[in-house]
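Here are the chains, one letter per residue:
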4 protein chains.
Amino acid sequence: MIGIGIIGYGYWGPNLARVSAEAAGARLVAIADAAPQALARAARRHGTARLADDWRSVVDDPAVDLVMVATPVRTHYEIALAALRAGKHVLVEKPMAETAAQAMTLVEEAARRSLVLMVDHTFIYTPAVQRIRSLVQEGAIGELYYYDSTRINLGLFQRDVNVVWDLAVHDLAILDHLMGESPVAVSANGADAMGRRHENMAHVTLYYSGGAMAHLNVNWLAPVKVRRTLIGGSKRMIVYDDLEPDEKVKIYDRGVSFDASDDDRYQRLVSYRMGDMWAPRLPLTEALATEVEHLIACIADGAKPITSGEMGVRVVEVLEGATASLSRRGVPVDLVQPLRRAS
Amino acid sequence: MIGIGIIGYGYWGPNLARVSAEAAGARLVAIADAAPQALARAARRHGTARLADDWRSVVDDPAVDLVMVATPVRTHYEIALAALRAGKHVLVEKPMAETAAQAMTLVEEAARRSLVLMVDHTFIYTPAVQRIRSLVQEGAIGELYYYDSTRINLGLFQRDVNVVWDLAVHDLAILDHLMGESPVAVSANGADAMGRRHENMAHVTLYYSGGAMAHLNVNWLAPVKVRRTLIGGSKRMIVYDDLEPDEKVKIYDRGVSFDASDDDRYQRLVSYRMGDMWAPRLPLTEALATEVEHLIACIADGAKPITSGEMGVRVVEVLEGATASLSRRGVPVDLVQPLRRAS
Amino acid sequence: MIGIGIIGYGYWGPNLARVSAEAAGARLVAIADAAPQALARAARRHGTARLADDWRSVVDDPAVDLVMVATPVRTHYEIALAALRAGKHVLVEKPMAETAAQAMTLVEEAARRSLVLMVDHTFIYTPAVQRIRSLVQEGAIGELYYYDSTRINLGLFQRDVNVVWDLAVHDLAILDHLMGESPVAVSANGADAMGRRHENMAHVTLYYSGGAMAHLNVNWLAPVKVRRTLIGGSKRMIVYDDLEPDEKVKIYDRGVSFDASDDDRYQRLVSYRMGDMWAPRLPLTEALATEVEHLIACIADGAKPITSGEMGVRVVEVLEGATASLSRRGVPVDLVQPLRRAS
Amino acid sequence: MIGIGIIGYGYWGPNLARVSAEAAGARLVAIADAAPQALARAARRHGTARLADDWRSVVDDPAVDLVMVATPVRTHYEIALAALRAGKHVLVEKPMAETAAQAMTLVEEAARRSLVLMVDHTFIYTPAVQRIRSLVQEGAIGELYYYDSTRINLGLFQRDVNVVWDLAVHDLAILDHLMGESPVAVSANGADAMGRRHENMAHVTLYYSGGAMAHLNVNWLAPVKVRRTLIGGSKRMIVYDDLEPDEKVKIYDRGVSFDASDDDRYQRLVSYRMGDMWAPRLPLTEALATEVEHLIACIADGAKPITSGEMGVRVVEVLEGATASLSRRGVPVDLVQPLRRAS
């Protein structure tokens, strides 16, 4: 029975608590939050758990085997490091840390102590992303040409991060999972409409050595909510709309082929494949439950989770690169990822 | 009675011919195309017009007062210049020319001879764009924060231009019409998925001195057709979906406001305006008919058209800048537009 | 402090329990269900409430002032009657009872004892229906011509009722709330695709003395879920789509007018009003919470609730009429509603 | 070379003329219309055709082998009968005639003279309906449970027919083509919102001996245009949306199955099939061109067209039955179709 302690009971913490309380092989031991009203809410829903206003008491709790860190980004590093040093397994919210260097330190600390370190990139565990991943892996899409995501809404402005760290982080994890290689460069353009500290709209372009391109459109100032990704390949194309209730993933047997010869009447060489569209039925499982189940299994088996600390480091490095490019109007920033995956 | 001669009867020429034949105050005099089958099609539909396989015979035709140039981009400059030098008014397809320098020469030639030179940026004459323009001008949108357009489909690859020259050109004209100022820099990222000569997907970002940002997502390799533009302002936001049959323009009384003070609990200061949505009824007039009517009126009055040669020059200069940035992975290119509009 | 006892903790009971536990001025005293696993679920979520496997113990509980009946339809009458006779206020699920005669007996019993009897027609308390109601009342729609609802999905077949009692019941309550008069006749057509006991698809038409018509399309065998109602009036028309996340209610300034004269070129007399469309922003309040708040207020003030027992009787009488017409392939059944509202 | 004469050049006639002029193996010989402005329009577009203000001159024209009748419904019988008696093949607009008796007389006249008589039920020749038909025939849908169509818009009120004759006629032809049997009874409910001569909204229910049910929702007073049909079967279900640009036909591998045994815990026996959705690519051929091609082939081969006079008779008989039921608030009318197809 794995004892779980949760630090931070604000927006996401209650979801971690609910899923932890219902997870087989685990029990919810303690919840910490500095805000009294947050603890009051926790008390109503999880009367059996120990409540604390000090996160260190959770890290030090001998009944806690696994610490879940759901606090603001700027506190992730200190809390996660303390938990690892106390010998606890750790699940940390995304983005993993404020800098790739900090994230790397957490990965090294976990490795040194043979502890499981997982980053809560929840999207990776959705049936939709899992299905897309398997389609890519079995070659149904063919060569990947592009990944083009729009993730916009009228959103709460974050105090300590820009919109890239808040929204693009989801796509960066999905890309790390799908692409099988890391981007070699990033170019980002953005604006801070109201002269605030941080960009509230941005466009991020990732370049891959294979020639593929990824683009992320993120915006806190949109009148409508959109969560839509287009994935283009040499064989098929995908439209992934996360707001669709039933058909989140649509696969189009459409594309373009070329005759190799290089003739002046170039247009004639284009042959379109306007084929059928197909929307596979997806299970209704909750991603967070799948994720926590996977985490508990990793702890039992000493296995590395899918959304490992290494993935977290790669994601944060791209976020750093994008932020650097943002301040220079799209000047590309090369990415030399120390934990780069084999292409 | 203005005599109209049309050069090029391929994809767009037949539309120019149809509208010219029905336009009050004008008559269709001649049609030229080098392809016999194109002339055969023209003969069936416009038996009264003189048909020629040589464009010069149209330029030299004394019965022709206005020449419409609907040939491939690389021929625009030569034909339009010859027509102006022959003392004809000219309507030229977009983009106006292959280089801003050529476009500028055409503007100067038309000015020297007091001839009307119009570029066929048809979108400017759609009821939707006209309505958006009037909303912006009367201040209903407030300060313009961004213009974000997605213009993608499974498209015919152009032989002589990349996707920016083919699709983004529409948004560049609309922006020139809406913004009341010219962009100061452009950054563009793109890829040529299949190793062809020209980019078939691209993302173009425009910077304005006032702080506004425009972004254009253009793609010839998309599984679905999208023609959607988001316009964000301090007072209201617009969603313009050109594929919507009835409600192309939706105005949202939504936005974000800030308290001036700069407090640590920053998020608390954000106040959302989640207001009503409103879709004005738009007339069903055909843009091209409105445009030709306007052109005929400009010729009669010696007035400068809305989609003037000057607008055409500004659009081509941005296209040149975007192409330069594309080859350098988004390195921004400054725009020093000689015909820059007063901010 | 009003003590609440809930009978039936299956599909809907848990929602009543959650809202009752959070309602101001009330406390959740007891929950009864015959199924052990249902009680186990209740225990995890409402540890403080008394749990019973026998509904009578809730009816007899002196700490209970208000009994909520969320059991199968066939048991509503017996349980609600017992609760009223025990001097408890009652909220009963819809449909109120299996026959209008039973429903009437409950109304009379409540009146005799001056107890509040409410039927849980939740839709009446949604912001969308409340907004539509106020639009109708302030004359914005003009004379009501029709109400046309489609309420279909791939649904769980009910054991003891047909699809009309399961789905059309929602529209019958909304119509009772909107129309200000009761229907004078009902015609219904339906089929039982798989030779089951009860119709699983049906079309119900209601006639009103004023000339208005209502039609309800209900189906348990549809491949897609639809919850869409069109309301047509002499001044405006409404599209109410309950599955739309943001714009559930759209008001169209569209309609048709006629010249009074009766001329052979009849079509010429039709003049269309193709006006703007407008989608008001609706609050995000939960209907069930609004309803329970209203119920508690009615008990405090001895007032009659909006979804009164009388409304429940009228709804059940139409259900009985529709079922009679169903078995006769649409032969209309006159409705002589004893509790008919003044037109 | 078949000589074609067109009578009636109002709304639909111009389409018949355009397609006839382009059809292989035929030539457009004459066009008749009583209205001078209609003839003027015809002259501009079909200068080679003989123009007449008297329909008889077309019927009597020895150069005319095929007469297309596109006049108001009330004139179909007289004109079509005269054309047949003059030995011409006939294409007549839908509905074929004002009464089934008249329609039957036309069928008998054509048979006596071995002439081809076709009714212009254009929808039968659309790629969408052809695909649905083949899916039904190859058993992909299984047993047909229902056909449920919504065909509504803000429509031009017809002078001489109600909305059923104007809109439901399309679905009646499609049903005749799909069902392989004729309906045994019809029930219809409707209203005439503005006290005009004819119903402007109606709901028509058809009963089939096999147990299947069809329902048609037609309305001239709707704020939005809808052309959507649901088809439910034991194996699969179809959503056919004629306004969808790309995916008009969606096939759902969804349905409900039952355990044969009849147990009190009935709900337990329901097993849902929530399978994939699939949208086949459809060709972009114009239905009217396919139809005229088929007509010319039938004349050449002496074959009976798909949309034969017999189909036209069956459709009109249902229209008569529906009108009779409308006036009696849904009282069902039995259909004893003399030309009933084998079940």
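The structure under discussion appears in the preceding block.
So, here's what we can say about the structure.

Some remarks on the sheet that holds strand E1 (residues 2-7) of chain B
Adjacent strands of a sheet form backbone hydrogen bonds with each other and so pair up, either parallel or antiparallel.
Residue and element names in this part refer to chain B.
So, point 1. Spatially, E3-E2-E1-E4-E5-E6 is the arrangement adopted by the six strands of the open sheet, whose pairing is parallel. Strands at the two margins of the open sheet, each flanked by one partner only, are strand E3 (50-52) and strand E6 (117-119). On average, each strand axis in the sheet is tilted by 20 degrees relative to the strand beside it, whichever way the strands run.
So, point 2. The sheet contact formed by strand E5 (residues 89-92) and E6 spans three bridges and is parallel. Counted as the bridge partner of Leu91 is Met118 from E6.

Quick word on the environment of Trp220 of chain B
All names here are of chain B.
So, point 1. Checked against the element boundaries, Trp220 lands in the loop between strand E10 (213-219) and strand E11 (221-233).
So, point 2. Taking the relative accessible area as the measure of exposure, Trp220 reaches 2% and is therefore buried.
So, point 3. A sequence separation of 64 residues divides Trp220 from Leu156, and the C-alpha atoms of the two residues are 7.1 Å apart.
So, point 4. Within the local environment of Trp220, its side chain forms a polar contact with the side chain of Asp166, the two groups lying 2.8 Å apart.

What about unusual backbone geometry?
So, point 1. The step from Lys94 of chain A to Pro95 of chain A runs through a cis peptide bond, and the omega angle for that step is -10 degrees.
So, point 2. In this fold, Pro95 of chain A is placed in the loop between strand E5 (89-93) and helix H5 (100-112).
So, point 3. Positive phi, normally seen in glycine, also occurs at Ser114 of chain C, with a value near 50 degrees.
So, point 4. Structurally, Ser114 of chain C can be placed in the loop between helix H5 (100-112) and strand E6 (117-120).

Looking at helix H2 (residues 36-45) of chain D
All names here are of chain D.
So, point 1. Of all the residues in H2, the buried ones are Ala38, Leu39 and Ala42. Along the axis of H2, the buried residues cluster in a sector spanning 95 degrees; they form a single face. Of the residues in H2, the exposed ones pointing more than 90 degrees away from the buried face are Pro36, Gln37 and Arg44.
So, point 2. If you follow the buried residues of H2, they end up packed against strand E2 (26-32) and strand E3 (50-52).

Definitions and cut-offs
- Residues numbered from 1 in each chain as written.
- Chains lettered and ligands numbered in written order.
- Predicted model: local features only at pLDDT ≥ 70, side-chain atom pairs only at ≥ 80, totals over all residues.
- Heavy atoms only, no water.
- Pairing = 2+ DSSP bridges.
- Helix = DSSP H or I, 4+ residues; strand = E, 2+ residues; numbered from the N terminus.
- Axes fitted to C-alpha atoms, helices over the stretch in contact; angles between N-to-C directions.
- Buried < 20%, exposed > 50% of the residue type's maximum accessible area, 1.4 Å probe, protein only.
- Polar contact = N/O pair within 3.5 Å; in protein donor to acceptor, adjacent residues only side chain to side chain.
- Arc of directions from axis to C-beta.
- Contact = heavy atoms within 4.5 Å.

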